[in-house]
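Structural description and commentary
Residue-level listing of the chains:
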Amino acid sequence: MRFAIILLAAVLLASPAAAQTGGTAISTTTISHTISLGTATSGGGFPLYGNAFAEVMNAADPQIAIAPRNTKGSNENIPLLEKGELDLALVAGEPAYEGFAGIGRAPVRLKILTAIYSNPGMFVVRADSPYRTIRDLVGQPVAFGARGSGLPILARYVLDGIGLKQDEDFRAIYLDRAGDGPAMVEDGRVAALWGAGIGWPGFAAVASSASGARFIAPSVDEMTRIRAKHAFLKPLLVPAGSYPKQDAPIASLGSWSFVLTREDLPDDVAYRLAKTLHGVEAVFCKKLAQACETTASNTVAAAPRPELIHPGVLKYFREIGVVK
């Protein structure tokens, strides 16, 4: 759903977003209708993040009205953005990588509004299970995430790097709702649940359960092999204490997820959104732990190429000195 915009002749000095930047107006654009934000299925990390993102942004600037919308995830969000049926959407790193690179399709012409958080991928099993390595899970039922989400794609790249096939070497299960996975681990319907990120709801649910959790990530040797084949995956760390009873940090591989925009999102609107978001980074971090990684500098570092960042966002980033 596209929103209408009205160009104002006067500068909007009175808005709260302007006030937090010392009276400098964010834009000469008033957003007159709702900005749609695609997330994913309930119970996953994207709806959690998207709802918090909308709440913080809407509170910071009354001219902004972001409305989160549950979708099937990254693989649905990309075509919805291309058709103009969404203004913004959360997209995991691997679908974004494939879309920008034109892997299996024509390259997308979407743009990056912001990087949201890093996604170190790993499995979670019950603490009392016998599984301790990825190869221990071969032949077992494993939930690889919701259909249409980016999680199964990340798993495919990780497993391919160590010579395993997701749908052949495991009894792969794809969920209709991301929130169904933890109960399946708890009651034994699956041996493991694949997920990613810091503060991911599925991991938190298993770790908080009566049986507790053990996390399984690629070994150092496996990570070397994976990166030799899929260099776009980056070494990432899950700090100790990210999940209940997780006493030690966990090293793994993954990528950054993004808020992407439809191709024709006006520059003034993207500029205003970027400036408002930068002004509330500290507030957003306090509201949601994952959002502490949502910063202008991380967006510049995570973007595969600078030109993939929306021109309106780049204009603001140049003003604050995070890009030249």
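Provided above is the structure to which this section pertains.
Residues numbered from 1 in each chain as written. Predicted model: local features only at pLDDT ≥ 70, side-chain atom pairs only at ≥ 80, totals over all residues. Heavy atoms only, no water.

What follows covers the layout of surface pockets. Roughly 280 Å³ of internal volume is contained in the largest pocket. Around the largest pocket sit 14 residues that line it, and Phe 232, Lys 234, Ser 255, Ala 302 and Pro 304 are the ones nearest its centre. Elements represented by at least two residues in the lining of the largest pocket include exactly α4 (93-101), β12 (250-261) and α11 (296-302). Sort the elements by how many residues they give to the lining of the largest pocket and α4 lands first, with four residues. Its residues assigned to classes, the lining of the largest pocket comprises ten nonpolar, three polar and one charged. (1 Å grid on protein atoms, 1.4 Å probe; cavity = no way out; pocket = protein on both sides within 12 Å on 5 of 7 lines; lining within 4 Å. Points joined across faces, edges and corners; volume = space filled by probe spheres on them. Helix = DSSP H or I, 4+ residues; strand = E, 2+ residues; numbered from the N terminus. Nonpolar A, V, L, I, M, F, W, Y, C, P; charged D, E, K, R; others polar.)

A few words on the environment of Ile 162. With respect to the helices and strands, the residue Ile 162 is situated in the loop between α5 (151-161) and β8 (171-175). The class for Ile 162 is buried, based on a relative accessible area of 1%. In sequence terms Ile 162 and Pro 47 are 115 residues apart; their C-alpha atoms lie 31 Å from each other. Those residues in contact with Ile 162, other than ones at most four positions away along the chain, are Ile 134, Arg 135, Glu 222, Arg 225 and Ile 226. (Buried < 20%, exposed > 50% of the residue type's maximum accessible area, 1.4 Å probe, protein only. Contact = heavy atoms within 4.5 Å.)

Turning to the packing of aromatic side chains, a few remarks are in order. Under the defined criterion, the tally for this structure stands at 17 aromatic pairs. Ring geometry for Phe 123 and Phe 144: centres 6.1 Å apart, planes at 70°, overall edge-to-face. One end of the pair, Phe 123, is in strand β6 (residues 111-126); the other, Phe 144, is in strand β7 (residues 141-146), with 21 residues separating them in the sequence. Assigned by exposure class, Phe 123 and Phe 144 land together as buried. (Phe/Tyr/Trp six-rings, centres within 6.5 Å; stacked < 30°, edge-to-face > 60°.)

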